[in-house]
Amino acid sequence: EPEVTQTPSHQVTQMGQEVILRCVPISNHLYFYWYRQILGQKVEFLVSFYNNEISEKSEIFDDQFSVERPDGSNFTLKIRSTKLEDSAMYFCASSDMVFETQYFGPGTRLLVL
Amino acid sequence: AQSVTQPDIHITVSEGASLELRCNYSYGATPYLFWYVQSPGQGLQLLLKYFSGDTLVQGIKGFEAEFKRSQSSFNLRKPSVHWSDAAEYFCAVGAQAAGNKLTFGGGTRVLVKP
């Protein structure tokens, strides 16, 4: 069964460093998403992406964040200058159509020291 | 803005007993409703979804959920729990008017006693 994959599974970084989280969505899907879950809190929407551009973003997704689909298979989330409060589990998801089921990856646990 | 509430943070159930997890949502239009399960170290796996039609939906692993518009609820049930059902369960809501983002509840952690 096709699945969304994410790398790395864990990442530790120093405050102020740049991190790139990588995702490989399901191959025939066209819509891509990033969510995050701070420890003990709800899963929160960050951004959705379609046709090589952001279709929607939350207020969390400020100028420190960016997304890219650098090739036909990868979807990345970049945090330019990490803060302590960026420590969270980051989930990538994809769907074949808008308003359809979103399939989630296993997550990347990011720890900012 | 849409919101989702899962009133129970933890539930402990004996193996073989029935399970019901509550989910209440707040949204003016017809929502799309989902239940996801997360086992330790795993991603969010879709259990079932409701878009329209029959308000009782069947999912994987023997789970079902019922959409009750009058109560703004989408409770998840399983008649007989297995030890492997121990996990965290998330209810989520989407809606066309809210774009294509999902809004999640806080989750319910299920512990299964032998």
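Quick caveat, the model's predicted, so the values are computed rather than measured.

**Thoughts on the overall build of chain B**
Along chain B, the regular secondary structure elements total zero helices and 12 strands. Reading chain B from its N end, one meets helices and strands in the order β-β-β-β-β-β-β-β-β-β-β-β. Against the 2.2 N^0.38 benchmark of 13 Å for 114 residues, chain B shows a C-alpha radius of gyration of 14 Å, consistent with a compact globule. Among the 114 residues that make up chain B, the fraction classed as buried is 47%. When the accessible area of chain B is evaluated, it comes to approximately 5300 Å², of which 49% is carbon and sulfur surface. Looking at chain B, you have 10 positive and 8 negative side-chain charges, and the mean spots of the two groups are 5 Å apart.

**Comments concerning the pairing of strand β6 (residues 45-50) of chain B**
Moving residue by residue along a regular strand, the side chains alternate between the two faces of the sheet. Residue and element names in this part refer to chain B. When strand β5 (residues 32-38) meets β6, the two strands line up antiparallel, connected through five bridges. Residue pairing for β6: W35 is matched across the bridge by L48. Counting the residues in the hairpin turn of β5 and β6 gives six residues, including G41, whose phi is positive at 75°.

**Thoughts on the sheet that holds strand β1 (residues 5-7) of chain A**
Residues and elements named next belong to chain A. With antiparallel pairing, four strands are arranged side by side in an open sheet as β1-β3-β8-β7. Here the strands that pair on one side only, and so sit at the sheet edges, are β1 and β7 (65-68). Each neighbouring strand pair of the sheet contributes to a mean axis angle of 20°, computed without reference to strand direction. Pairing of β1 with strand β3 (residues 19-24), which is carried by three bridges, proceeds in the antiparallel orientation. Looking at the pairing, T7 lines up with R22 of β3.

**Looking at the side chain of B:Q38**
Secondary-structure assignment places B:Q38 in strand β5. Excluding anything up to four places from it in sequence, B:Q38 contacts A:Q37, A:F91, B:G43, B:L44, B:A87, B:E88 and B:F90.

**Details of the state of the cysteines**
In this structure the tally under the stated criterion is two disulfides over all chains. The residue that forms a disulfide with A:C23 is A:C92, at a sulfur-sulfur distance of 1.9 Å. On the sign convention where negative is left-handed, the bridge of A:C23 and A:C92, at about -65° about the S-S bond, is left-handed. Taken as a pair, A:C23 in strand β3 and A:C92 in strand β9 (residues 88-95) lie far apart in primary sequence, 69 residues in all. You can call A:C23 buried: its relative accessible area is 0%. Its relative accessible area of 0% is what places A:C92 among the buried residues. Bridging B:C23 to B:C91, the disulfide has an S-S length of 2.0 Å.

Rules and cut-offs
- Residues numbered from 1 in each chain as written.
- Chains lettered and ligands numbered in written order.
- Predicted model: local features only at pLDDT ≥ 70, side-chain atom pairs only at ≥ 80, totals over all residues.
- Heavy atoms only, no water.
- Helix = DSSP H or I, 4+ residues; strand = E, 2+ residues; numbered from the N terminus.
- Rg over C-alpha atoms; globule rule 2.2 N^0.38 Å.
- Buried < 20%, exposed > 50% of the residue type's maximum accessible area, 1.4 Å probe, protein only.
- Areas by Shrake-Rupley, 256 points an atom, 1.4 Å probe, with all protein chains shown as cover.
- Lys, Arg positive; Asp, Glu negative; His and termini not counted.
- Charge placed at Lys NZ, Arg CZ, Asp CG, Glu CD.
- Pairing = 2+ DSSP bridges.
- Axes fitted to C-alpha atoms, helices over the stretch in contact; angles between N-to-C directions.
- Contact = heavy atoms within 4.5 Å.
- Disulfide = S-S within 2.5 Å.

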